[in-house]
Amino acid sequence: MNSYLRTLLYSAALTASLTACGGSDDDKGKNEPSSIKPSVEALSFDASSGTKSFTVTTTGEWDAVCTESWVKLAKKGTLSTSGSVDVTVEQNNSRTERSASVTLMSGTARAYVNIDQAGKTPDPVDPTIKVPEGYELVWNDEFDGNSLNSTDWKHEVQGPGWVNNELQTYVNGSFDGKPVTEVSDGTLKIHCFKHAGKIYSGRIYARVDDGWKYGIFEARIKLPKGKGTWPAYWMMPVNNDFGTNPWPRCGEIDIMEEVGYNPNYTSSSIHCDSYNHVKGTQKTAERLTAGAQDDFHVYRLEWTKDYIKTYVDDHALLTFNNDGTGKVETWPFNRSFYLILNLAWGGNWGGAQGVDENALPATMEVDYVRVFQQ
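Caption draft 1: Molecular detail of the overall build of the protein chain. When helices and strands are counted, the protein chain shows three helices and 27 strands. Taking 2.2 N^0.38 as the reference for a compact globule, 374 residues should give roughly 21 Å; the C-alpha atoms of the protein chain span a radius of gyration of 30 Å, well beyond that estimate. The 374 residues of the protein chain split such that 47% are buried. A separation of at least 24 residues holds for 66% of the contacts in the protein chain among residues at least 6 apart in sequence. Accessible surface computed for the protein chain: about 18,200 Å², of which carbon and sulfur atoms make up 47%. Taken together, the 35 basic and 48 acidic charged side chains of the protein chain have centroids lying 2 Å from each other.

This is how it looks when you write it as structure tokens:
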């Protein structure tokens, strides 16, 4: 039942109740019609939680209702001809303003008080951060501290061969005192190294439990050197049940990948049921990013309900359009995805021309990760 219908039914029931309880006008010796008047027509709130009040003057008993769950009412004096209403609103965590209406009732009389609450204002933005026009910065990590923020980032822990026949073992931060992820001097370092005959590396997830739906996702990265390295900056769906929604049907967005045997050639790809590398139908674009292993470059995804586009240093790379059919086979990109950074070793692609362990240790270095949304 929608909120409008609930209000009508409540109003009808209250009218009947008030009429029955109050008796007829003849019984009271009155012929004047019922009326109700609030002291204000509207109340405005900022995005934080808060309480404001107004008074009510009526010709009889009265009540007040609001069907929006984020608005709570505390009423005083409803059995007399004057009273008050305390209106409490919850914090608005959305960027969008919202509104509600308080309905006041006395006999057949009705009056309304509009409730408006502002959306959450954006957090202050570092003036050195370039925000795309029409967007705002909603999350970022500049890696200015000395450790990963465990609230935002999670490590993967998996053995060799877990995916793509890769050779590394992913561990939670470090192994035997040697870090696979390290934050220092303003950057994140993902290290891949050999220790006691095994290869160890890092794979981390940003906001794996909630992620983001649509936006611009940007990272400034310097890639590792050496045949066998396979660095990646990419996205997978949040809360995906791979038992009923397996890869590639669930969707995958690869913003940047590179393999060490083909140095400085960076690529972007999307994978879904219809387009994936198992079938040889994946949508991929590649370019020579000169100096990608010697210096930082900016890799960016622009993702809307209509298209996916990737860029390297503001130069367009891949464009994949929503075909508009509404089929998950071709567009599973209508749900939240989370970000992934990892450095793999070997595997189906990274090791396609063998590996050179003389390249170890190898490091993928990340200057920042930023997410912008409209």
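Next comes the rest of the description.
Caption draft 2: Examining the layout of surface pockets more closely. Quantified by volume, the largest pocket comes out at close to 710 Å³. In this structure, the largest pocket is lined by 27 residues; those nearest its centre are Asn-164, Trp-234, Trp-247, Glu-252 and His-277. Those elements giving two or more residues to the lining of the largest pocket turn out to be strand E17 (203-206), strand E19 (229-237), strand E20 (252-257), strand E21 (265-271), strand E26 (337-345) and helix H3 (347-350). When residues of the lining of the largest pocket are assigned to their parent elements, the largest contribution, four residues, is made by E19.

Caption draft 3: Just the pattern of salt bridges, in detail. Per the stated rule, a full pass over the model turns up twelve salt bridges. A salt bridge links Glu-329 to Arg-249, with the nearest nitrogen and oxygen atoms 3.5 Å apart. Separated by 80 residues along the polypeptide, Glu-329 in the loop between strand E25 (315-321) and E26 and Arg-249 in the loop between E19 and E20 bring together distant segments of the chain. A residue is classified by how much of its surface remains accessible, and Glu-329, at 28% relative accessible area, is partly exposed. What makes Arg-249 partly exposed here is its relative accessible area of 28%. Taking the shortest distance from any N to any O, the salt bridge between Asp-306 and Lys-305 comes out at 3.3 Å. Where salt bridges share partners, they join Arg-249, Asp-273 and Glu-329 into one cluster.

Caption draft 4: Inspection of the side chain of His-195 at higher detail. By the element assignment, His-195 lies in strand E15 (residues 187-195). Given a relative accessible area of 17%, His-195 falls into the buried group. When residues no more than four places from it in sequence are discounted, the contact partners of His-195 are Phe-175, Asp-176, Lys-178 and Tyr-200.

Caption draft 5: Molecular detail of the environment of Lys-222. Mapped onto the fold, Lys-222 is located in strand E18 (residues 215-222). On the basis of relative accessible area, Lys-222 is assigned to the partly exposed category, the value being 24%. Each C-alpha atom, one on Lys-222 and one on Thr-304, is 27 Å from the other, the two residues being 82 residues apart in sequence. Setting aside anything within four residues of it in sequence, one finds Lys-222 in contact with Ala-292, Gln-293, Asp-294, Asp-295, Phe-296, Thr-363, Met-364 and Glu-365.

Caption draft 6: Region of the structure containing the sheet that holds strand E22 (residues 283-288). Strand order in the open sheet formed by seven strands is E10-E17-E26-E19-E20-E21-E22, with antiparallel pairing between adjacent strands. The open sheet has two free edges, formed respectively by strand E10 (153-155) and E22, since each of these has just one partner strand. Each neighbouring strand pair of the sheet contributes to a mean axis angle of 15 degrees, computed without reference to strand direction. Across four bridges, the pairing between E19 and E20 is antiparallel. Residue pairing for E20: Met-235 is matched across the bridge by Ile-253.

Caption draft 7: Here's a closer look at the confidence of the model for the protein chain. Put simply, the protein chain has an average pLDDT of 92, and 91% of its residues get 70 or more. Segment residues 1-29: pLDDT under 50, and 26 contacts once partners within four positions in sequence are set aside and those in other chains are kept.

Caption draft 8: Geometry of the nonpolar core. Counting residues in each nonpolar core, the largest one holds 47 residues, and the members touching the most others are Tyr-233, Leu-339 and Leu-341. Apart from residues lying up to four places away in sequence, Leu-341 is in contact with Trp-153, Leu-188, Ile-190, Gly-202, Arg-203, Ile-204, Ile-221, Ala-232, Tyr-233, Met-364, Val-366 and Val-369. Ranked by size, the runner-up nonpolar core spans 20 residues in total, among them Phe-54, Trp-62, Val-87 and Ile-115.

Caption draft 9: Highlighting the pairing of strand E24 (residues 307-312). Within E24, five of the six residues are buried, which leaves it mostly tucked inside the rest of the structure. Relative to E24, strand E23 (residues 297-303) runs antiparallel, the two being bridged by five bridges. Looking at the pairing, Leu-301 lines up with Thr-310 of E24. Taken together, the five bridges between E24 and E25 define a ladder with antiparallel strand orientation.

How each quantity is defined
Residues numbered from 1 in each chain as written. Predicted model: local features only at pLDDT ≥ 70, side-chain atom pairs only at ≥ 80, totals over all residues. Heavy atoms only, no water. Helix = DSSP H or I, 4+ residues; strand = E, 2+ residues; numbered from the N terminus. Rg over C-alpha atoms; globule rule 2.2 N^0.38 Å. Buried < 20%, exposed > 50% of the residue type's maximum accessible area, 1.4 Å probe, protein only. Contact = heavy atoms within 4.5 Å. Areas by Shrake-Rupley, 256 points an atom, 1.4 Å probe, with all protein chains shown as cover. Lys, Arg positive; Asp, Glu negative; His and termini not counted. Charge placed at Lys NZ, Arg CZ, Asp CG, Glu CD. 1 Å grid on protein atoms, 1.4 Å probe; cavity = no way out; pocket = protein on both sides within 12 Å on 5 of 7 lines; lining within 4 Å. Points joined across faces, edges and corners; volume = space filled by probe spheres on them. Salt bridge = Lys/Arg side-chain N within 4 Å of Asp/Glu carboxyl O. Pairing = 2+ DSSP bridges. Axes fitted to C-alpha atoms, helices over the stretch in contact; angles between N-to-C directions. pLDDT = per-residue confidence, 0-100. Core = buried A, V, L, I, M, F, W, Y, C linked by side-chain atoms within 4.5 Å.

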